[in-house]
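Take a look at the letters that make up each chain.
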Amino acid sequence: MKHYNIPIFVPHLGCPFDCVFCNQRHITSADDTIDGNEVRRIADEYLSTLPRHDRFIEIGFFGGSFTGIDPILREELLAAAYEYVKRGDVQGIRLSTRPDYIDKERLDMLEKYGVTAVELGVQSLDDGVLLAAGRGHTSEQVYDAVRLIKKYPFALGLQMMTGLPADTPEKSIETARRIIELDPRDVRIYPTLVIRDTYLETLWRDKKYSPQTLDEAVSLCSRLVPMFENAGINVIRVALAATEEISPDGAVAAGPFHQSFRELVDTEIYYDKINVLLSGEKNIVLRVNPKDISRAAGYRRKNIKRWNECGISVKITGDERLPRGQAETEVI
Ligand code: SF4
């Protein structure tokens, strides 16, 4: 069954904060006007383009801090989305918000309107990094929010960032380790980009902040993704989706942007995984699940080229018997 999201962006609605990295108008390319009718218009438009069968659809409120929106408007948006759940047109509603905008009253409203998944922007579980990023909440508030969400039937998603001011790879790995202890269903990992018209851009231009290089961000993410996946947690996104706006020609002033960032990360993960299997042999047949062939070969066949440069010939074939992520080698 294929999974589809109907994304509805609620930029900066209800968010009085100014995290140093954030300019939601750029990130979502949307303005601040949203109401129940707009939810219906977007949902109808998406539904008319999606297949009628064999589908799992969620309406997703992304962008700002959904549970910080004025309660009357929040209820109007939820009620409009819930009409589609009740009719069976969509199977759930998901939303993203801040940890300090979680309390019983807000969660009761989400449960009443059929919300199925709540994602928290955690960004870091290091209090020094949270402070330097201007998040306006502490790691303790994340733990409190997670404890409360887990009393409800919502799937939990947690989002983390890498390369924030005062952050280090070690702190990001520690954040990932603590996120795993919190046992979310899903995570998203966002390497920090310097978005135009943010305080981070000022820090960067004043040479008080250096973003991760692309190699550093890919290398760190290629360690984080297996940590989560080995713990049975879905990594549903790595890096902001490249769009006209999220690009160096748009809102991205600096930072580890690449339009195929996830492929670069998968390339490194497979390179490390397969290197362990090569054990000094020079002519290898590598068998992987057919869906993993391009990942094993690497972005633009980078892994094949690297092995060839070391005098190793690797022929990759698909093998349906192998689960995703597994590989077998045979010496020829
Ligand atoms: S809380 Fe979210 S929406 Fe608000 S400034 Fe921070 S990142 Fe942006």
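Residues numbered from 1 in each chain as written. Predicted model: local features only at pLDDT ≥ 70, side-chain atom pairs only at ≥ 80, totals over all residues.

**Remarks on the packing of helix α10 (residues 261–278) against helix α12 (residues 302–309)**
In contact at an axis separation of 9 Å, α10 and α12 are set at 40 degrees when each is read in the N-to-C sense. Here α10 is positioned oblique relative to α12, judged by the angle of their axes. Crossing geometry of α10 relative to α12 is assigned as right-handed. When α10 is examined against α12, the residues Thr267, Tyr270 and Tyr271 are found in contact with a partner set consisting of Lys302, Asn303 and Arg306. Of the residues contributing to the contact of α10 with α12, the split by class is two nonpolar, two polar and two charged. (Axes fitted to C-alpha atoms, helices over the stretch in contact; angles between N-to-C directions. Helix = DSSP H or I, 4+ residues; strand = E, 2+ residues; numbered from the N terminus. Parallel < 35°, antiparallel > 145°, perpendicular 65-115°, else oblique. Left-handed = near helix turned anticlockwise from the far one by under 90°. Contact = placed C-beta atoms within 7 Å. Nonpolar A, V, L, I, M, F, W, Y, C, P; charged D, E, K, R; others polar.)

**Re unusual backbone geometry**
Look at glutamine 123: it is not a glycine, yet its phi comes out positive at around 70 degrees. Tracing the backbone shows glutamine 123 in strand β4 (residues 115–123). With a phi close to 50 degrees, arginine 300 is a non-glycine residue in the positive phi region. Its location among the elements puts arginine 300 in the loop between α11 (293–297) and α12.

**Observations concerning the domain arrangement of the protein**
For an interface, size is often stated in terms of accessible area lost upon the parts coming together. With domains assigned, the protein is organised as domain 1 (2–259) and domain 2 (276–331). Using only C-alpha atoms to locate each centre, domain 1 and domain 2 end up separated by 34 Å. (Domains from an automatic or database assignment.)

**Focus on the sheet that holds strand β11 (residues 313–318)**
With mixed pairing, the three strands of this open sheet are ordered in space as β11-β10-β12. Strands at the two margins of the open sheet, each flanked by one partner only, are β11 and β12 (327–331). Shown here is a sheet whose adjacent strand axes are inclined to one another by a mean of 25 degrees, direction ignored. As paired elements, strand β10 (residues 283–288) and β12 share five bridges and run antiparallel to each other. Looking across to β12, one finds that leucine 286 is bridged to threonine 329. (Pairing = 2+ DSSP bridges.)

**Structural notes on the sheet that holds strand β2 (residues 55–62)**
Spatial strand order, β1-β2-β3-β4-β5-β6-β8: seven strands in an open sheet with parallel pairing. For this open sheet the edge positions go to β1 (2–9) and β8 (234–238), each flanked by a neighbour on one side alone. Neighbour to neighbour, the strand axes of the sheet diverge by 25 degrees on average, direction disregarded. Bridge analysis of β2 against strand β3 (residues 92–97) gives four bridges, and the strand direction is parallel. Residue phenylalanine 61 lies in a different strand from β3, and its bridge partner there is leucine 95.

**Thoughts on the nonpolar core**
Grouped together as the largest cluster of nonpolar side chains are 83 residues, with contacts concentrated most on Ile8, Phe21, Ile59, Ala81, Met160, Cys221 and Val265. Among the elements that take part in this core, helix α9 (residues 214–230) stands out by supplying seven residues, more than any other. Split by domain, this core shows at least three residues from each of two domains, domain 1 (2–259) and domain 2 (276–331). In contact with valine 265, not counting residues within four places along its chain, are Val218, Cys221, Ser222, Val225 and Val238. (Core = buried A, V, L, I, M, F, W, Y, C linked by C-beta atoms within 7 Å. Buried ≥ 20, exposed ≤ 12 C-beta atoms within 10 Å, placed from the backbone.)

**A look at the environment of valine 187**
Looking at the secondary structure, you find valine 187 in strand β6 (residues 186–191). A count of 28 C-beta atoms within 10 Å places valine 187 in the buried class. Spatially, the C-alpha atoms of valine 187 and serine 279 are 33 Å apart, while their sequence positions differ by 92 residues. In this structure, valine 187 is in contact with Gly157, Leu158, Gln159, Met160, Ile179, Phe228, Ile233 and Val235, ignoring residues within four places of it in sequence.

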